[in-house]
Amino acid sequence: VQLQASGGGLVQAGGSLRLSCAVAGRTVGSYITAWFRQTPAKEREFVAGIVRTGVRKDYADSVKGRFTISRANAENTVNLQMNNLLAEDSAIYYCASTARPYGRIPSTSTTYDYWGQGTQVTVSS
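A quick note: this is a predicted structure, and the numbers were derived from the prediction, not measured.

Parameters and conventions
- Residues numbered from 1 in each chain as written.
- Predicted model: local features only at pLDDT ≥ 70, side-chain atom pairs only at ≥ 80, totals over all residues.
- Heavy atoms only, no water.
- Disulfide = S-S within 2.5 Å.
- Helix = DSSP H or I, 4+ residues; strand = E, 2+ residues; numbered from the N terminus.
- Buried < 20%, exposed > 50% of the residue type's maximum accessible area, 1.4 Å probe, protein only.
- Pairing = 2+ DSSP bridges.
- Axes fitted to C-alpha atoms, helices over the stretch in contact; angles between N-to-C directions.

J.: It is not clear to me how the state of the cysteines should be interpreted in this structure. Could you clarify?
T.: Covalent bonding between the sulfur atoms of two cysteines defines a disulfide. As enumerated under the stated definition, the model contains one disulfide in all. The disulfide bridge from Cys21 ends at Cys95, spanning 2.3 Å between sulfur atoms. Between Cys21 and Cys95, the S-S dihedral sits near 70°, and the bridge is therefore right-handed. Here the residue Cys21 occupies a position in strand E3 (residues 17–24), and Cys95 occupies one in strand E9 (residues 91–98), the gap between them amounting to 74 residues. Overall, the relative accessible area of 0% leaves Cys21 in the buried class.

This is the structure:
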């Protein structure tokens, strides 16, 4: 499974960005796909996750109500719509996936087997 993240950039506080994660290869390996983010000062943290069917989603408390995760299985992509961005949302964002059918969407980075390269999101205040 190969993951390719895109869509990062520079935006002012209050603005929006849409990240995309293209999933290639054996899509069975992407039963759960999630977004994480990392800054030099923090460990990699869970942002949002979604199961392949799209019926279950989960979000970090810090992004609830502002970020929306979705997937377009026909295009094998998982998107993260980020609205009302804050300066503290600045980070490198990574998409990740696992083939294991966990009952809950894991928020621990070590749970995920496949990772894409990061995409930089910078929010200016």
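J.: Teacher, can you tell me more about the sheet that holds strand E7 (residues 67–72) here?
T.: The pairing of strands in a sheet comes from backbone hydrogen bonds and takes either a parallel or an antiparallel form. The sheet built from four strands is open, its strands ordered E1-E3-E8-E7 with antiparallel pairing. With partners counted over all chains shown, the strands left at the sheet margins are strand E1 (2–6) and E7, one partner each. Averaged over all neighbouring strand pairs, the angle between strand axes comes to 15°, with direction disregarded. Where E3 and strand E8 (residues 77–82) come together, six bridges link them in antiparallel fashion. From the neighbouring strand, Arg18 faces E8, where its bridge partner is Gln81.

J.: What is the right way to read unusual backbone geometry from this model?
T.: In this model, Asn84 sits at a positive phi of 50°, which is unusual for a non-glycine residue. Examined against the element boundaries, Asn84 turns out to sit in the loop between E8 and E9. The class for Asn84 is partly exposed, based on a relative accessible area of 41%.

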